[in-house]
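Listed below are the residues making up each chain.
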Amino acid sequence: KQSATAFASRAMRQTQQILSFDPMVEHGSGRPLLRGKVLRNIHPGEARAFRESLDWVVDCGITEVGSVLYAKFQQARFSALAALVYPYATSEQLVWLSKFVVFLFAYDDVNDDREQLVQNPTLDGELEMLEESLMSIARGSRPRGAEQPLARAFADFMAEFQRYASDDWLACFADDVEDYLLANRMERKVHVSDNVMKPADYIPCRRSLSACRAGFDVGAALLGIDCAKIRSSEIARVMATLGNDHFSWLNDLFGIDRDLKQGTASNLIICLAAHTTHDLHHALDMTVNMLNETCTTFFELEHSEHVRADPDVRLYSQIVRSSIVGTLSWYYRSERYNAAHAKQH
C-alpha cells in the first residue's frame, strides 16, 4: 500500500506528458495501437444542439458567458458527444440529450476537483445535499433545495425525458442514476485520501462512476426497447458492461495527463502503474490492449446468434455499439483534454 501511494505521489509530480502521441498511429516499436474507427460525419442537428446547450447552461445558472467554465464547455463540444453516441435521435431530441451530457460532465468536474475538496471542508456536504436532490428528481419528485443550478438543470432534462420513456425505463434510469451518484460520493473520499485503488477494485467501481448505464437507459427508452427483456437478458448485461468498460477506460486513457495534473489517482492507468507495471507508459500500453480486447469481445458477441435472435437485444446492441464508436470519435473532435492526437485528425 505504501509503495503504491509513493509511486502515485511521484507520478503526479512529474511533468512529462504521458499521452504525447496519437494512440491510433504508430508511435514506437512494439507499442500497441488503439483500434477503432473515427467517424467523419455527424448528426445534422449537432450545431443547433451546441448553441442551445450553451444557452441552457447559462439559463440554469451553471456558468456565465465569458467565464472560464463557459470556454471549457465550448472547447469540449459535448453536443458532438451526444450526436455521435445517439445518432438515431431526432434533432429535437439531440438538444436535450446534449443538455444531459453537459449536466453529467459539469457534475463530474465539481466532484473531481480534488483541490477544492481539500481546501473547502463544506463542499463534500454540499455535494451530498445536491445528490439527494438529484436522486429525488430522478424518482419524479421536486424536493426542497432543488433550485441549485445543477439540480435545476437535471430537473429540466427529466421533464423532457419523461415524455419519451416508459415507466419501466424511468425506474431503471432512476436506479442507475442513484448508483452513479453514490459511487461518485464514495470517489470523493478516495480523492482526498492518499489511497490508490487496486485494479481489481477500481475496474468494477469505475463502471458506476461513468453513468454509462443511465446513458444506455436513455437510448433504449428513445428506441422503444422492452425494458423487462433487457433487464432479464444476461447477454444484454454483458454487452452493457463491455460498452461501459470501453467508455471508462477510453476516458482514463485520454484523460491521464489531466488526472495527473489534478492530483487524482482515480484512473485505470495510475492504478495499473501503482500496483502492477510500476511504469506509467507500460500501464498506458496495457490499457490500450484492454480496450482492444473489449472491442473484439463486444463485436464478436454482437454478431452471435443469441443477439440476432431477439429484436430488443439486437437493438440494444446497436445502442452499445454507437457508444463505443461514437465516444472514440468524440475524442478526435473535442479539445477538452488538449491531447496531441486532436491536432492530427
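Residues numbered from 1 in each chain as written. Predicted model: local features only at pLDDT ≥ 70, side-chain atom pairs only at ≥ 80, totals over all residues. Heavy atoms only, no water.

1. Notes on the overall build of the chain
Here is step 1 of the chain: Counting secondary structure elements, the chain contains 18 helices and zero strands.
Here is step 2 of the chain: For 345 residues, the compact-globule formula gives about 20 Å, and the C-alpha radius of gyration of the chain, at 19 Å, lands near that figure.
Here is step 3 of the chain: The proportion of buried residues among the 345 residues of the chain is 54%.
Here is step 4 of the chain: For the chain, the share of sequence-separated contacts (at least 6 apart) that also reach a separation of at least 24 residues comes to 74%.
Here is step 5 of the chain: Accessible surface computed for the chain: about 15200 Å², of which carbon and sulfur atoms make up 50%.
Here is step 6 of the chain: If you average the places of the 36 positive and of the 46 negative side-chain charges in the chain, the two averages end up 3 Å apart. (Helix = DSSP H or I, 4+ residues; strand = E, 2+ residues; numbered from the N terminus. Rg over C-alpha atoms; globule rule 2.2 N^0.38 Å. Buried < 20%, exposed > 50% of the residue type's maximum accessible area, 1.4 Å probe, protein only. Contact = heavy atoms within 4.5 Å. Areas by Shrake-Rupley, 256 points an atom, 1.4 Å probe, with all protein chains shown as cover. Lys, Arg positive; Asp, Glu negative; His and termini not counted. Charge placed at Lys NZ, Arg CZ, Asp CG, Glu CD.)

2. Details of the packing of aromatic side chains
Between two aromatic rings, the relevant description is the distance of the centres plus the angle of the planes.
Here is step 1 of the chain: For the structure on display, the rule yields 22 aromatic pairs.
Here is step 2 of the chain: Residues Tyr86 and Tyr88 carry aromatic rings whose centres are separated by 6.0 Å and whose planes lie at 90° to one another, so their mutual orientation is edge-to-face.
Here is step 3 of the chain: Using a relative accessible area of 5% as the deciding quantity, one classes Tyr86 as buried.
Here is step 4 of the chain: Measuring from centroid to centroid gives 6.2 Å for Trp96 and Phe161, while their planes differ by 45°, and the two rings are tilted. Of this pair, Trp96 sits in helix α5 (residues 91-111) while Phe161 sits in helix α8 (residues 149-161), and the two are 65 residues apart along the sequence. (Phe/Tyr/Trp six-rings, centres within 6.5 Å; stacked < 30°, edge-to-face > 60°.)

3. Considering unusual backbone geometry
Negative phi characterises most residues that are not glycine, and trans characterises most peptide bonds.
Here is step 1 of the chain: In this model, Ala211 sits at a positive phi of 65°, which is unusual for a non-glycine residue.
Here is step 2 of the chain: If you trace the backbone, Ala211 turns up in the loop between α10 (199-209) and α11 (212-222).

4. What about α10?
Here is step 1 of the chain: Taken as a whole, α10 has its buried residues at Pro199, Tyr202, Ile203, Cys205, Arg206, Ser208 and Leu209.
Here is step 2 of the chain: On the buried face of α10, the contacting elements are α9 (167-191), α11, α13 (234-254), α15 (268-277) and α16 (280-302).

5. Some words on the pattern of salt bridges
Two side chains carrying opposite charge are able to pair once their charged atoms lie near each other.
Here is step 1 of the chain: Scanning the entire structure with this criterion turns up 25 salt bridges.
Here is step 2 of the chain: Linking Arg77 and Glu46 is a salt bridge whose minimum nitrogen-to-oxygen distance equals 2.8 Å. Of this pair, Arg77 sits in the loop between α3 (68-76) and α4 (78-85) while Glu46 sits in helix α2 (residues 46-59), and the two are 31 residues apart along the sequence.
Here is step 3 of the chain: Its relative accessible area of 25% is what places Arg77 among the partly exposed residues.
Here is step 4 of the chain: Taking the shortest distance from any N to any O, the salt bridge between Asp245 and Arg207 comes out at 2.7 Å. One end of the pair, Asp245, is in helix α13; the other, Arg207, is in helix α10, and 38 residues separate them in sequence. (Salt bridge = Lys/Arg side-chain N within 4 Å of Asp/Glu carboxyl O.)

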